[in-house]
Structure formats: C-alpha cells, structure tokens
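Report on the structure
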Amino acid sequence: MVLALLVSGIVVLLVLLGLFVFGLRRRLIQRSGGTFDCSLRWNVPEDDPEPAGKGWIYGVARYNGDRIEWFRVFSYAPRPRRMLERDSIEVIERRTPQGEEELALLSDAVVLVCLHRGTRLELAMSEDALTGFLAWLEAAPPGQRVNVA
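Conventions we followed
Residues numbered from 1 in each chain as written. Predicted model: local features only at pLDDT ≥ 70, side-chain atom pairs only at ≥ 80, totals over all residues. Heavy atoms only, no water. UniProt positions renumbered as here; feature names shortened; annotations may be inferred. Helix = DSSP H or I, 4+ residues; strand = E, 2+ residues; numbered from the N terminus. Buried < 20%, exposed > 50% of the residue type's maximum accessible area, 1.4 Å probe, protein only. Polar contact = N/O pair within 3.5 Å; in protein donor to acceptor, adjacent residues only side chain to side chain. Contact = heavy atoms within 4.5 Å. Pairing = 2+ DSSP bridges. Axes fitted to C-alpha atoms, helices over the stretch in contact; angles between N-to-C directions. Phe/Tyr/Trp six-rings, centres within 6.5 Å; stacked < 30°, edge-to-face > 60°. Core = buried A, V, L, I, M, F, W, Y, C linked by side-chain atoms within 4.5 Å.

Bringing the UniProt feature "transmembrane region" (unreviewed entry) in the protein into the picture now. According to UniProt, the "transmembrane region" (unreviewed entry) feature falls on residues 6-24. The distance separating the terminal C-alpha atoms of residues 6-24 is 27 Å; by composition the span is 100% helix and 0% strand.

Attention now moves to the side chain of S75. Topologically, S75 is positioned in the loop between strand 4 (67-72) and strand 5 (82-85). Residue S75 is classed as buried on the basis of its relative accessible area, which comes to 17%. Polar contacts involving the side chain of S75 include one to the main-chain amide nitrogen of A77, which spans 3.0 Å. Excluding anything up to four places from it in sequence, S75 contacts F22 and R25.

Moving on, we come to the sheet that holds strand 3 (residues 59-64). In space, the 4 strands of this open sheet follow the order 1-3-4-5, with antiparallel pairing throughout. Among the strands making up the open sheet, the edge pair consists of strand 1 (35-37) and strand 5. Adjacent strand axes in the sheet meet at a mean angle of 25°, parallel and antiparallel pairs treated alike. By the bridge criterion, 6 bridges tie strand 3 to strand 4 in an arrangement that is antiparallel. Considered in strand 4, the bridge of G59 is made with R72. Helix-sheet contacts for helix 1 (residues 2-30) involve strand 1, strand 3 and strand 4, and the interaxial angle to strand 3 is about 25°.

What follows covers the packing of aromatic side chains. In total, this model carries 3 aromatic pairs according to the counting rule given. Ring geometry for F36 and Y63: centres 5.3 Å apart, planes at 40°, overall tilted. Taken together, the residues F36 in strand 1 and Y63 in strand 3 connect sequence positions 27 residues apart. Overall, the relative accessible area of 10% leaves F36 in the buried class. Between the aromatic rings of Y63 and W136, the centroid separation amounts to 5.4 Å while the plane-to-plane angle is 50°, which identifies the pairing as tilted. In this pair, Y63 is assigned in strand 3 and W136 in helix 3 (residues 127-138), connecting sequence segments 73 residues apart. For Y63, a relative accessible area of 23% translates into the label partly exposed. Of the residues examined, W136 reaches a relative accessible area of 10% and is grouped as buried. One aromatic cluster is present, formed by F36, Y63, F133 and W136 through successive ring pairs.

The next thing to look at is the nonpolar core. Considering soluble globular proteins, one finds that nonpolar side chains tend to be buried as a cluster. Grouped together as the largest cluster of nonpolar side chains are 21 residues, with contacts concentrated most on F36, L112, L123, M125 and F133. Elements with a minimum of two residues in this core: strand 4, strand 6 (89-95), strand 7 (110-116), strand 8 (119-125) and helix 3. When residues in this core are grouped by element, the largest group, 6 residues, is from helix 3. Those residues within four positions of L112 in sequence are excluded, and the remaining contacts are V91, E93, R94, L121, E122, L123, M125, L130, F133 and L134. With 5 residues, the next largest nonpolar core counts W56, L105, A109 and A124 among its residues.

Laid out in structure tokens, this is it:
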C-alpha cells in the first residue's frame, strides 16, 4: 500500500514537473516579444486539391531580425524547429481552412501558402497575426526583394 502511494506520488510529481517545464519554455520563447500562434504544414504537395487536415503542427512563431523562428508547442526543445528567412519567403496565396482543416486549426485561422527556398509550406494564423506577418515581410530593408502576392 505504501509503495503504491509512493509510486502514485512520484507519477503525479513528474506530470506536474512536465507541465511546469512546458509553461516555462513558452514563457522563455515569448520573453523577447514578437510572438504569435502559428500552425505549420511543411513540404505540402502542389496537387493537394482538398486538404484533409493532416500534417498541421501547432506552434509559436517569433520574429528575430530578418527571420521567423518557429517552435513546436508540444516539445521540450529549446531551439526553433524551423527558421524562415524574410528574403526567402514567397507568399503564393491566402485562403480559409477547407474541409477537415477547420478541425485541425485554431478557429478564425487564415492559411497562407508560401514557398521557402523551393519548399512549399502553409502557415495558419489569426487575422491579426497575418496583418503583422505581411507588414514584417514588406518592411524588408532597401535592396531586398519582397515576395508578397
């Protein structure tokens, strides 16, 4: 009986510690400011007529100079999973979530279809975050190309 209580207590403590580390990591990511919730779908096929909602990963993006650092939400990794350079991002189209995508994404999300160094990707974010993202893309220093459709 005592052993079962001890094991249960350790399991509860480990779960609480894991949740605390998730929260601490998110606070550290957001500490420098310029973050927004952003789901990502990487390496999307061009001939995807009806998105099935698969492949979306929920994350947090952070502006850092001339690049966006994208972190998975459900991860303990301290480093960004993807880094998107401003001068390598080309916006192809903007659309609303279709079909099962509505279930996989946050409510009121807008999907941006982009190219980044030849890789087709999709970013889903709120309308406010989209406005900031497009303004950041267009605010490139003089001499850099801007690829906003």
